[in-house]
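This is what each chain is made of:
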Amino acid sequence: MRMNSFYIGTGMLGMLFFAACSQNGVPGNEISGSAEMCIYTDVARADGEETDAGSTADNPVFLFWDFGDVLGNAEDPTPLYVKRPEKHIDTYKRPNEPYNTGELYPDGNRRVMATGYAPATLTPEKRTDNTDNYERLTIPKDGLCKTDVLTSITPVVASAALPFDREDGDTLQFMHAQSRVYFYAKLAEGSKEFLKNVRIKLSPTVVATHVEWNRDKSLYVPIASGQESYELAQQPNDDNDYYMLTPENPLKIGWAYIIPEQTNLPVSVTVARAETAGASEEEWKDVTMEATLHFDIERDGQAEEDQGKNTNTLYANESYTFTLVFSEEGIELIGNKCPWEEGGYLVIPIYPLTD
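Residues numbered from 1 in each chain as written. Predicted model: local features only at pLDDT ≥ 70, side-chain atom pairs only at ≥ 80, totals over all residues. Heavy atoms only, no water.

### What to know about the overall build of the chain
A count of helical and extended segments in the chain gives two helices and 22 strands. Here the chain holds 355 residues, and the buried ones make up 51% of them. Across the chain, contacts joining residues at least 24 apart in sequence account for 71% of those joining residues at least 6 apart. In the form shown here, the chain has an accessible surface area of approximately 17300 Å², with 46% of it arising from carbon and sulfur atoms. (Helix = DSSP H or I, 4+ residues; strand = E, 2+ residues; numbered from the N terminus. Buried < 20%, exposed > 50% of the residue type's maximum accessible area, 1.4 Å probe, protein only. Contact = heavy atoms within 4.5 Å. Areas by Shrake-Rupley, 256 points an atom, 1.4 Å probe, with all protein chains shown as cover.)

### Describing the packing of aromatic side chains
Geometrically, a pair of aromatic rings is defined through the distance of the ring centres and the angle of the planes. A complete count under the given rule lists nine aromatic pairs for this structure. Here Tyr117 and Tyr220 contribute two aromatic rings whose centre-to-centre distance is 5.7 Å and whose plane-to-plane angle is 80 degrees, an arrangement assigned as edge-to-face. One end of the pair, Tyr117, is in strand S6 (residues 112-118); the other, Tyr220, is in strand S15 (residues 219-224), and 103 residues separate them in sequence. For Tyr117, a relative accessible area of 1% gives the class buried. Consider the rings of Trp213 and Tyr220, whose centres lie 5.0 Å apart with planes at 85 degrees: the pair is edge-to-face. Of the residues examined, Trp213 reaches a relative accessible area of 7% and is grouped as buried. Owing to a relative accessible area of 1%, Tyr220 belongs among the buried residues under this scheme. Within the aromatic cluster, the residues linked to one another by ring pairs are Phe62, Tyr92, Tyr99 and Phe174. (Phe/Tyr/Trp six-rings, centres within 6.5 Å; stacked < 30°, edge-to-face > 60°.)

### Let's talk about the environment of Gly68
As for its position among the elements, Gly68 is in helix H2 (residues 67-71). For Gly68, a relative accessible area of 44% puts it in the partly exposed group. Expressed as a C-alpha distance, the spacing of Gly68 and Arg111, which sit 43 residues apart in the sequence, is 7.4 Å.

### Here's the deal with the sheet that holds strand S7 (residues 123-126)
Pairing is antiparallel across the open sheet formed by four strands, whose spatial order is S7-S8-S14-S15. Pairing within the sheet leaves two strands with one partner each, and these edge strands are S7 and S15. Looking at each pair of strands side by side, their axes are set apart by 45 degrees on average, direction ignored. Bridge count for strand S14 (residues 208-214) against S15 is six bridges, and the pairing is antiparallel. From the neighbouring strand, Ala208 faces S15, where its bridge partner is Ala224. (Pairing = 2+ DSSP bridges. Axes fitted to C-alpha atoms, helices over the stretch in contact; angles between N-to-C directions.)

### Looking at unusual backbone geometry
A cis geometry characterises the amide bond from Arg94 onward to Pro95, with omega recorded as 5 degrees. Here Pro95 lies in the loop between strand S4 (81-83) and strand S5 (99-104). Along the chain, Ala118 connects to Pro119 via a cis peptide bond; the corresponding omega equals 0 degrees. Mapped onto the secondary structure, Pro119 falls in the loop between S6 and S7. Within the chain, Asn109 stands out as a residue other than glycine whose phi angle is a positive 55 degrees.

Quick look at the structure:
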């Protein structure tokens, strides 16, 4: 990682230096270099509530850096330790046992900074000297829009004198680095349309292919190459056919993780249409509509999780459920803006059904 990959302000530096020199309240008053590095983790939900198995990501990767290297303009510093636990990230929440790296803190009460990401299937790119560059991580191609990327929110710093896992120590907290969208489809009440096999293609602008460390934000952010689109498709039933849309129970089309901080969502919607329910396979014809979805999200100005957020923007660590409602006049989108599980409501008109 390059020398400017992490940024800690001078105010924080002074605070950390004072903390590292203090021995008050340290269990056991460990001798420098004798303590094993143990760390607690947690996943922050968008609404600020506590989670229980809040992450759908696979096992994490913990990165431990020499704090002096980070502040001392070392060129392309290498992590002291890269650890890949065998258990899920939620395993190491207080009051459970912390994750034990099995490694000792550096001698001389040198401070160590911890960051991390998940899942471990993200691949560090190689530098010219064939070492791992943890500044840029690649999402596997078969995992595009299906990989729940987590990133540590704020680096935490510790030493043998003030270890990570002390009672009043900081937790290495993670958040979902992307937005998550679900799509459902149904017929409008009274509609006489016969529709099935819904497909929704997402624009390459919202499909993350890489994750890069952002110095200003001190976390990993998803990056789109602009080359990869992604299609969510209604799945066939046991008879290898597709359930037709009805006004009653919306059918789940699919879900995807997308680049956050979008102010609109370009989509292409394709659906098969026929004149009768019993039409032959050849009589079902695809109809495609292009649309750019704009958002007007209800936010609570008093709620901490909504502070500073725009009503027209999809943010990281937030989840949305959208329902396409088809009628003779066209389709509309009913959207449920949620914490990572459930929430709000909005309606956005898009293009009508035409041949």
